[in-house]
Amino acid sequence: MTVPNATIPAAPANTAEAGYADRFWISRDGLKLHFRDYAGRSDRPPVLCLPGLTRNGRDFSHVAERLAGEWRVICPDLRGRGDSAYAKDSATYNPLQYADDIALLLEQEGIARCVSFGTSLGGLITMIMALGNPGLFAGVLLNDVGPELSSEGLERIRGYVGQGRSFPTWMHAARSLEEAQGAVFPDYDLKDWLAMAKRCMTVGGNGRIVFDYDMKIGEPLSQPVPEGQAVDLWPAFQALDGRPVLLLRGALSDILTAPSLKKMAAKLSDCEAVTVPRVGHAPMLDEPKAVAAIDRLLARVAGGSVGAA
């Protein structure tokens, strides 16, 4: 199959300090979608970073900056987020569509095998893609997500997605995040909240600070699932077997429970399960325990020591 935008040129590289190029691909329904491309070694599979529901590729900037050079790191903005176009039909804001979008990105880049870092929704996309293409992933990190999700946590997410709030300054935005998510990141200080605000928000057309996603991404979540039609994700999870897998859970998570993590770890043959202390949903992957676990995963993928300090 020919990818529609195979000839789209890469955007000019960003500043040397940023270390990435802004690039694009086209979805099957014609949306121009964005990804950050951090250069790395060509003899290793690239690392594909897939963000959570309301987040974007900027969430992985610290991960990418740390690994770049040793590993090529690709950080997409899913449709309706960041610098990717918004969908005309909100029904396309669903994991199957996201998986198809990412498959086209990989096809454009000639990537037949990669390492997936999937946070929350990004982990669901990873599992779906593994079910359809078992050989795609050389290694997988599932960050605070699995085939069983807490209904309490899902209701919390449904409660805030698509609210469309705006703020006059970055300081107001940071304080709002602290008020809403202080229990998730109890050790964060003002600097951390400001950094989070600048990852998940942007300056809107009227000059106010707004969340950097299409408010309509929450519409499919509001649709009730008909009785007896809930999707069983365990087959998709078990499609990850046979490759190195890292399962991360925030100790304070209300999405992935400790019993679910234990159950998941028992089902895979090459799996490490790690709980990140004093963090909820989801770890940002810069916590010391998460960093060490990521390096162990990549060492398993590379077959030896990974010099990505």
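Keep in mind the model is a prediction, meaning the values are calculated, not measured.

Some points on the packing of aromatic side chains
Taken as a whole, this structure holds eight aromatic pairs when the rule is applied. Taking the centre distance of 5.9 Å and the plane angle of 65° together, the rings of Trp25 and Phe35 count as edge-to-face. Highlighted residues: Trp25 in strand E1 (residues 20-26) and Phe35 in strand E2 (residues 32-38), separated in sequence by ten residues. A centroid spacing of 6.2 Å and a plane angle of 50° characterise the contact between Phe211 and Tyr213, whose relative ring orientation is tilted. Each member of the aromatic cluster is reached from another via a ring pair, and the members are Phe167, Phe211 and Tyr213. Taking NZ or CZ as reference, Lys32 lies 4.5 Å from the ring centre of Phe24, over its face.

Details of the sheet that holds strand E5 (residues 114-119)
The sheet built from eight strands is open, its strands ordered E1-E2-E4-E3-E5-E6-E10-E11 with mixed pairing. With one partner strand each, in any of the chains shown, E1 and strand E11 (271-276) form the two edges of the open sheet. If you compare each strand with its neighbour and ignore which way they point, the axes differ by 20° on average. Relative to strand E4 (residues 73-76), E2 runs antiparallel, the two sharing four bridges. Each residue of the ladder has a partner; that of Tyr38, found in E4, is Val73. Docked against the sheet, helix H2 (residues 95-108) engages E1, E2, strand E3 (47-50), E4 and E5, running at close to 115° with respect to E1. Across the sheet, helix H9 (residues 288-302) is in contact with E3, E5, strand E6 (137-143), strand E10 (245-250) and E11; its angle to E11 comes to roughly 165°.

What counts and how
- Residues numbered from 1 in each chain as written.
- Predicted model: local features only at pLDDT ≥ 70, side-chain atom pairs only at ≥ 80, totals over all residues.
- Heavy atoms only, no water.
- Phe/Tyr/Trp six-rings, centres within 6.5 Å; stacked < 30°, edge-to-face > 60°.
- Helix = DSSP H or I, 4+ residues; strand = E, 2+ residues; numbered from the N terminus.
- Lys NZ or Arg CZ within 6 Å of the ring centre and 35° of its normal.
- Pairing = 2+ DSSP bridges.
- Axes fitted to C-alpha atoms, helices over the stretch in contact; angles between N-to-C directions.
- Contact = heavy atoms within 4.5 Å.

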